[in-house]
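# Architecture at a glance
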Amino acid sequence: HGSRGRVIDGKDDRVLGFDKVFAAAIALSRHIRSVTDKDRVAVVLPPGLGGLIPNVAVLLAGKTPVNLNFTAAHGAILSAIKQSGVDRFITADIFVRKMQSFPCPPSRQMLLIGRVLPTLPGQIAKWPILSKLLPAPLLASVLGVAKSGGDREALLLFTSGSSGDPKGVVLTHRNVVSNVAQFGSRLELSSKDSVLGCLPLFHSFGCTVTLWYPIIEGIQLVTYPTPLETKRLAELVEQHRVTLMVATPTFLRGYLRGVNKEQLGSLKLVVTGAEKLPPSVAEAFEAKFGKTVLEGYGLTETSPVTNVNLPPPQPLPQPDAALLPTHRPGSVGQLMPGLAVRICDPESDAPLPLNEKGMIWFKGPNIFPGYLNDPQRSAAVLTRDKWFRTGDIGRLDTDGFLYIEGRLSRFSKIGGEMIPHETVEELLCRALGLESEDCRCLAVVGIPDADRGEALVLLSTLAGASEHQEIIDLRYRLLEQGVPALWIPKVLKRVPEIPVLASGKLDVQACVKLAMS
């Protein structure tokens, strides 16, 4: 795709063809091989040419890129560094200055891309020519790229730690290429299309969908280092006629303020994932921009995409022809090709009918082989015949659409009943008349309770009467709407803000700490 594909860095409007990106990555890969014999190299950079080139270079060097979550707590970052065994960190001067909270390694271990690449002009100049002249097998041989990848480690990502300590998720070459093929066959984009890449590269959604997917499929990539500056992102969408935008519901809310409908007119697909899509957000986005928000689903361990809703198919010429449904509001869509699913009892793991609510299990080529150096945790989620226990509760309808009821860690078992926190949050938003434009202003968490095992606590940023009086008023309002008493939080705690991760997901650990305090 070298002559057609382009990367447009929205931060400084630099444009590089895929052939130039490839050349720079080859030159950098040679340098990486000369400075470390470790199997993995850390990348501490946001989306953009600065983050893209090192990821490709590390792979071409025969090593594994480890995109570190620079927004995580010190302990989580240091744990990821120790687990991955890296001794070199590819980053940039400006980024080091901005991220002063990052526990920087000694300067001798840092490869500052803005300093290294300018020292390799001869290398960068020759590789575009050689890469066009040499057949792919010969080029791979010259570069020392293995003839087969298969089950070899390709990427190492660390879970966000939203409900536990970060775990190293090993993804193989087969995992990543399979997942790109899976959702690529569903999206059916071409070289005339373009993808907006602004999600962090340490998040599996950002890494696979907005880095490896456009490179492998030859789709133009428009990058920006943060998903929060929605006004600038809307300008990039309009300027470069972006057709695919991927975001989380948290980030979608930003587009509802200060962005004109015309700016997002070129979008064919707006896909959201990482957290449950509130109906109010989807409805408001469609009302303002005329774009249906297509909810998908996946996990780091599934590379990540397993399900996605799609736009309605084109009508067939035969007037009586039946079309299979492609989108169902409230669901996360149908399975990717090549993937199997089963629903099991959360406690016994016994198989249940697919239309009953239970634990979701997947099996397919995009399922990871296990956690890094952690056979105990791996055995807890992977069976011998490679079925993966997701930790999420859901069900399927008769057309194969998957409905996510919630993460097991976001359920509380009270009085023998499993209560989903996300559903309670939706009921609370409805009772309080909160509009979709509001940022995340409440969260429900469970804390230990001596009498019932767990108790629900409502964290809220909303100003109001006394916490005690407000929770009583809210309780009566919910009871009048038919909400079961067990589902209603008994305690309200006012907080300055609801903690969220860089990916846009709720930071469950931090919320529980606030509730416990």
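Below is a short write-up of the structure. (Residues numbered from 1 in each chain as written. Predicted model: local features only at pLDDT ≥ 70, side-chain atom pairs only at ≥ 80, totals over all residues. Heavy atoms only, no water.)

Before going further, it helps to examine empty space enclosed by the protein. Under the defined criterion, the tally for this structure stands at 3 cavities of 30 Å³ or more. Size it by volume and the largest cavity reaches roughly 70 Å³. If you trace the largest cavity, you find it lined by V44, F89, T91, F95, V96, M99, F102, C104, P105 and M110. Listing elements by their share of the lining of the largest cavity, those giving two or more residues are β5 (89-91) and α4 (93-98). Counted by class, the lining of the largest cavity contains 9 nonpolar, 1 polar and no charged residues. Lining the second largest cavity are P47, G48, G51, L52, G197, L201, T210, L211, L221 and T223. Residue composition of the lining of the second largest cavity, grouped by class: 5 nonpolar, 5 polar and no charged. (1 Å grid on protein atoms, 1.4 Å probe; cavity = no way out; pocket = protein on both sides within 12 Å on 5 of 7 lines; lining within 4 Å. Points joined across faces, edges and corners; volume = space filled by probe spheres on them. Helix = DSSP H or I, 4+ residues; strand = E, 2+ residues; numbered from the N terminus. Nonpolar A, V, L, I, M, F, W, Y, C, P; charged D, E, K, R; others polar.)

Let us now look at the packing of aromatic side chains. What describes a pair of aromatic rings is the distance from one ring centre to the other and the angle between the planes of the rings. Tallied over the full model, the rule gives 7 aromatic pairs. An angle of 80° between the planes, with centres 5.6 Å apart, marks the rings of F368 and F388 as edge-to-face. In this pair, F368 is assigned in the loop between β18 (358-363) and β19 (370-371) and F388 in strand β20 (residues 388-396), connecting sequence segments 20 residues apart. Across the pair, exposure class does not vary: F368 and F388 are buried alike. Put simply, the rings of F70, F95 and F202 touch in pairs and so form one group of aromatic residues. Here the basic side chain of R342 rests over the ring of W361, its NZ or CZ set 5.2 Å away from the ring centre. The ring of Y403 has R395 sitting right over it, with the charged end atom 4.4 Å from the ring centre. (Phe/Tyr/Trp six-rings, centres within 6.5 Å; stacked < 30°, edge-to-face > 60°. Buried < 20%, exposed > 50% of the residue type's maximum accessible area, 1.4 Å probe, protein only. Lys NZ or Arg CZ within 6 Å of the ring centre and 35° of its normal.)

Our focus in this paragraph is the packing of helix α1 (residues 18-35) against helix α2 (residues 49-60). Between α1 and α2, whose axes approach to 7 Å, the crossing angle comes to 55°. It follows from the interaxial angle that α1 and α2 lie oblique. The hand of the α1/α2 crossing is right-handed. Counted together, V21, F22, A24, A25, I26, L28, S29, I32 and R33 of α1 and L49, L52, I53, P54, V56, A57, V58 and L60 of α2 form the full contact between these two elements. Of the residues assigned to the contact of α1 with α2, the class counts are 15 nonpolar, 1 polar and 1 charged. (Axes fitted to C-alpha atoms, helices over the stretch in contact; angles between N-to-C directions. Parallel < 35°, antiparallel > 145°, perpendicular 65-115°, else oblique. Left-handed = near helix turned anticlockwise from the far one by under 90°. Contact = heavy atoms within 4.5 Å.)

As a further point, take the sheet that holds strand β25 (residues 453-460). The 3 strands are arranged β24-β25-β26 in an open sheet whose pairing can be described as mixed. Every other strand in the sheet has two partners, leaving β24 (442-449) and β26 (491-494) as the edge strands with one partner each. Strand-to-strand twist of the sheet, defined as the mean angle between neighbouring strand axes without regard to direction, takes the value 35°. For β25 and β26, the ladder comprises 4 bridges, and the chain directions are parallel. Looking across to β26, one finds that L458 is bridged to L492. Here helix α14 (residues 421-432) sits on the sheet and contacts β24 and β25; the angle it forms with β24, its principal contact strand, is near 130°. (Pairing = 2+ DSSP bridges.)

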